[in-house]
Amino acid sequence: MNIGAQQQPLLSSTPDSRTAERTAAADSSGGASGSQGQGHGSIFQSSEDTDGAVRHPSSATETFFHIVCITAGTGILQLPYALKEGGWAGALYILLAAAISAYSGNILIECLYYMPGMRLKSYSEVVEAAFGIHGRRIVRLLKDFNLLGVVGIYMVLAGINIDSLVAGTALDRLGVQFWIGVSAVLVWIVIVLAHEVHDVFVFSIFGTLTTVATVAIIVWLGISDMDYQDVRPPTKLVDLKLAPISLASICFSFGGNLNWPDLEASMRAPKQWCKTLNLATAFIAFIYLSIAIVGYGVYGDLVKSPILLSLPPGIPVVVANAMLTAHVLLASPILLTAVFIEAEHDLDFNSAALEPKTQWLYRVAFRSALMLALSLFAIFVSDFSKVVPILGAVAASMVVFVIPVACYVRLFKSRGAFSAAEYGWCAFIILYDLSVSTYSPDGRVFQVEYAQKAVDNSGTAIGLRVKGGVVLAVEKIKHSRLLVPHSNKRIMTAGKHIGVASAGWMSDTRHLVKRARDEARHYYGTYKTEIPARIIAERMGMYVQAYTLYSSVRPFGVSTLLATMDLEGPQLYMIEPSGQYMGYRGCAAGKGKQAAKTEIEKLDLDTLSVRDAVKEAARIIYSVHDSTKDKLFELELSWVCEESNGIHAHVPQDLFDEAVEYAENADNSDDEEDEEMDDE
């Protein structure tokens, strides 16, 4: 096998000299999956190895459906938003990401056959050949964590979707945890009955069909919604600042390489792998382009992520949601095969010394135990859906794109000269395969900065922690006189002793308050005591930070102020869009935060009473309000203090009126002083 003899592109369906020799080796070994090597501990299988060969080889058509089902997952819903980030140039990014995905998938299979006449048995063994046993252990941990984490998230997502679908019915009272358990049982049944990739072929077909049906529904709803738009939302051709983020988000939607060695090994004709992968990737790129172009073309820069939030509500959206639920359940068994097949080979479950029935019992026990552990984490560990995305964003980007390219260069560079173009292409993949948290060259994360801009354009919110409690005050801008007074409150209660004030998007506030309520309820159910301020702030900070790291979501455009009283006394925390949370004696967020901070710094918070703090908070809100731009606003005031028995509540009406009068008088005095200074 002369690597330097020819350097034809791997994206071509015509195999070069490396592919031809790889094919010969694969044909001679029968496409074995999980077969034993030459002697105990060998990472190779030769043409003489037959132990553990695939019983039912898959056709190219079956492999095509496997690839589509694994790759085209829930990431499709964030593609229109990815175009919003990068502009219409994002359509070209989808084609570029498809090329990256096909290239990395093909070179990963090339690495399996880097030794003439022999085939490595798994992704982990490719890494061992390139970087040694320690590299294999690290990558094996990242790979298995990523696959198991994705399946766990899929079960949580399915449980949440099913719970929303049965809302208002007799099944509504069962709760999300019950449906997560049901989802886990369904996945367990399939994975126990399935022995190899071929056994889950029917699920790949249905998973692919649900994806296509979901895309068709979204495209149809989007095109239909155009007729009801008086003004077409704005779009842009290209946004160079957000181009890396857009490309990285799209690349993440093409991740699936972790399963490719098992799929290629299960093929009846491995020589068709390159062609099958390229065709499947081209089909995925087509459906991605369809949903991205329609979503961004119809809703422009107003498009939301996921795209379902932008579509008109109704039965079609419910059907699309149900289709996605079916897809994640159908894709889970396929994802788990990469974990189980390699683990069972390492544990020697397929040894010829074992009876078939014993092999089956070992396999069922092992898969059941692993599924039980994963299910319990998904159901009962409250931080599961937060920690997995945080770590998974890093693990996925490494094992899907970076490591295959690094292994390819390491294994083949000594056998022939790489062209400058191929070196440049590999370097490009490594540099730009990050997720939504891609940093700019000067170390900035633009999406988080833009989320902060949404906060800075909102009405001002302040918090004051004094000796007897905490006071929250919000300037709620009224954009119309037709709005019902005292509606859409920006100060809410997350627990009987927890108050939340916000500056930013109201819809994001509601979501975070709901999350805070769930955290408080879960903590009380576990420990039979109210959640401390530090714990609720830490958990909410982690949750908000996760949305800055995962590619299929966007950061929250809201800063939240948490006011509470616990055993340590009054506490005040502020959580920013980046996920940073800190304790404060006084803090402010929103368009008037700088002026508000200046006023807060003038107060003696150590000696100020709670009632006086209410008046001062009202005064500060009135003083920072810009009446020239926002003439109408409502003042919201709440407290949690000894006078309220440690319970968060809006201040009494008489105190509220007194505070407003105090604030108006102070504001009028300031205006008179300004006029006198102007006259002088």
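Residues numbered from 1 in each chain as written. Predicted model: local features only at pLDDT ≥ 70, side-chain atom pairs only at ≥ 80, totals over all residues. Heavy atoms only, no water.

### Here we look at the overall build of the protein chain
Then step 1. Looking only at helices and strands, the protein chain features 20 helices and 12 strands.
Then step 2. Counting across all 680 residues of the protein chain, residues that qualify as buried make up 56%.
Then step 3. Residue pairs in contact within the protein chain that sit at least 24 positions apart in sequence constitute 75% of those at least 6 positions apart.
Then step 4. When the accessible surface of the protein chain is split by element, carbon and sulfur atoms take 60% of a total near 28900 Å². (Helix = DSSP H or I, 4+ residues; strand = E, 2+ residues; numbered from the N terminus. Buried < 20%, exposed > 50% of the residue type's maximum accessible area, 1.4 Å probe, protein only. Contact = heavy atoms within 4.5 Å. Areas by Shrake-Rupley, 256 points an atom, 1.4 Å probe, with all protein chains shown as cover.)

### A closer look at the sheet that holds strand β6 (residues 498-504)
Then step 1. Across the sheet, which stays open at both edges, the 5 strands sit in the order β5-β6-β7-β8-β9 with antiparallel pairing between neighbours. What marks the edges here is a single partner per strand, and that holds for β5 (491-495) and β9 (581-583). Across the sheet, the axes of successive neighbouring strands diverge by a mean angle of 25°, strand direction being ignored.
Then step 2. Across the sheet, helix α16 (residues 506-527) touches β5, β6 and β7 (558-566), and the angle it forms with β5 is around 20°.
Then step 3. Here helix α17 (residues 533-546) sits on the sheet in contact with β6, β7, β8 (569-575) and β9, set at roughly 5° to β8. (Pairing = 2+ DSSP bridges. Axes fitted to C-alpha atoms, helices over the stretch in contact; angles between N-to-C directions.)

### Regarding the nonpolar core
Then step 1. Counting residues in each nonpolar core, the largest one holds 105 residues, and the members touching the most others are Phe254, Trp273 and Tyr288.
Then step 2. At 15 residues, helix α10 (residues 273-299) tops the list of elements feeding residues into this core.
Then step 3. With 31 residues, the next largest nonpolar core counts Leu603, Leu608, Tyr622 and Ala659 among its residues. (Core = buried A, V, L, I, M, F, W, Y, C linked by side-chain atoms within 4.5 Å.)

### Section: a nonpolar patch on the surface
Then step 1. On the surface, a nonpolar cluster with roughly 470 Å² of combined accessible area is contributed by Val185, Leu186, Trp188, Ile189 and Leu193.
Then step 2. Relative to the helices and strands, Ile189 resides in helix α6 (residues 176-193). (Patch = residues over 30% accessible without salt bridge, like charges linked within 9 Å, V, L, I, M, F, W, Y side chains within 5 Å. Salt bridge = Lys/Arg side-chain N within 4 Å of Asp/Glu carboxyl O.)

### Topic: the pairing of β7
If a strand is regular, its side chains alternate between the two faces of the sheet.
Then step 1. Extensive coverage of β7 is indicated by the burial of 8 of its 9 residues.
Then step 2. Relative to β7, β6 is paired through 7 bridges, and the arrangement is antiparallel. Bridge pairing in β7 links Ala501 to Leu561.
Then step 3. Counting the residues between successive antiparallel strands, the hairpin from β7 to β8 contains 2 residues.

### Section: the pattern of salt bridges
Then step 1. Considering all chains together, one arrives at 22 salt bridges under this definition.
Then step 2. The closest approach of N and O atoms between Arg521 and Asp518, which form a salt bridge, is 2.4 Å. Pair noted here: Arg521 and Asp518 are both in helix α16, with a separation of 3 residues, about one helical turn.
Then step 3. Judged by relative accessible area, Arg521 falls into the exposed class, the value being 54%.
Then step 4. Via salt bridges that share partners, Lys476, Lys478, Glu634 and Glu636 belong to a single interconnected network.

### With respect to the packing of α6 against helix α11 (residues 315-346)
Then step 1. Here α6 crosses α11 at 55°, and the two axes come no closer than 9 Å. Considering their axes alone, α6 and α11 lie oblique with respect to each other. For the element pair α6 and α11, the recorded crossing hand is right-handed. Contacts from Ser183, Leu186, Val187, Val190 and Ile191 in α6 reach Leu329, Ser332, Pro333, Leu336, Thr337 and Phe340 in α11.
Then step 2. For the contact of α6 with α11, a count of residues per class yields 8 nonpolar, 3 polar and no charged. (Parallel < 35°, antiparallel > 145°, perpendicular 65-115°, else oblique. Left-handed = near helix turned anticlockwise from the far one by under 90°. Nonpolar A, V, L, I, M, F, W, Y, C, P; charged D, E, K, R; others polar.)

### Examining unusual backbone geometry
Then step 1. Here Lys528, not a glycine, exhibits a phi torsion of approximately 60°, which is positive.
Then step 2. Tracing the chain through its elements places Lys528 in the loop between α16 and α17.
Then step 3. Positive phi values are uncommon outside glycine, yet Asn645 reaches one of about 60°.
Then step 4. By secondary structure assignment, the location of Asn645 is in the loop between β11 (633-641) and β12 (649-650).
Then step 5. Taking the relative accessible area as the measure of exposure, Asn645 reaches 67% and is therefore exposed.

### Details of the packing of aromatic side chains
Then step 1. The tally for this structure, following the rule as stated, stands at 14 aromatic pairs.
Then step 2. Ring geometry for Tyr103 versus Trp425: centroids 6.1 Å apart, planes at 80°, classification edge-to-face. Remark: Trp425 occurs in helix α14 (residues 420-431) and Tyr103 occurs in helix α4 (residues 90-112); sequence separation between them is 322 residues.
Then step 3. What makes Tyr103 buried here is its relative accessible area of 5%. (Phe/Tyr/Trp six-rings, centres within 6.5 Å; stacked < 30°, edge-to-face > 60°.)

### Structural notes on the side chain of Ser104
Then step 1. Along the chain, Ser104 turns up in helix α4.
Then step 2. Residue classification places Ser104 among the buried positions, given a relative accessible area of 0%.
Then step 3. Separated by 3.1 Å, the side chain of Ser104 and the backbone oxygen of Ser101 make a polar contact.
Then step 4. For Ser104, the residues in contact, after removing those within four places along its chain, are Asn257, Val400, Phe401 and Pro404. (Polar contact = N/O pair within 3.5 Å; in protein donor to acceptor, adjacent residues only side chain to side chain.)

### Remarks on the environment of Pro312
Then step 1. By the element assignment, Pro312 lies in the loop between α10 and α11.
Then step 2. Dropping the residues within four chain positions of it, Pro312 is found in contact with Asp225, Tyr299 and Val317.

### Digging into the packing of helix α5 (residues 123-165) against helix α12 (residues 356-380)
Then step 1. Put simply, α5 and α12 touch, their axes get as near as 10 Å, and they point 55° apart. One element, α5, and the other, α12, form an angle in the oblique class. Of the two possible hands of crossing, α5 and α12 adopt the one that is right-handed. Note on element contacts: α12 touches α5 through Leu370, Met371, Leu374, Ser375 and Ala378, opposite Leu148, Val151, Gly152, Met155 and Val156.
Then step 2. Taken together, the residues that form the contact of α5 with α12 break down as 8 nonpolar, 2 polar and no charged.

### Brief notes about a negative patch on the surface
Then step 1. Taken together, the side chains of Asp654, Asp657, Glu661 and Glu664 define an acidic patch exposed on the protein surface.
Then step 2. Inspection of the secondary structure assignment puts Glu664 in helix α20 (residues 653-679). (Lys, Arg positive; Asp, Glu negative; His and termini not counted. Charge placed at Lys NZ, Arg CZ, Asp CG, Glu CD.)

### Here we look at the sheet that holds strand β3 (residues 461-466)
Then step 1. In spatial order, the strands read β10-β3-β4-β11-β12; together these 5 strands make up an open sheet with antiparallel pairing. Every interior strand has two partners, whereas the edge strands, β10 (586-589) and β12, have only one.
Then step 2. Pairing of strand β4 (residues 469-477) with β11, which is carried by 9 bridges, proceeds in the antiparallel orientation. The residue of β11 that forms the bridge with Val471 is Trp639.
Then step 3. Where helix α18 (residues 593-601) meets the sheet, its contacts fall on β3 and β10, and the angle it forms with β10 comes to roughly 165°.
Then step 4. Contacts from helix α19 (residues 610-624) reach β3, β4 and β11 within the one sheet, and its direction differs from that of β11 by about 155°.

These values are about where atoms sit, not about what they do.
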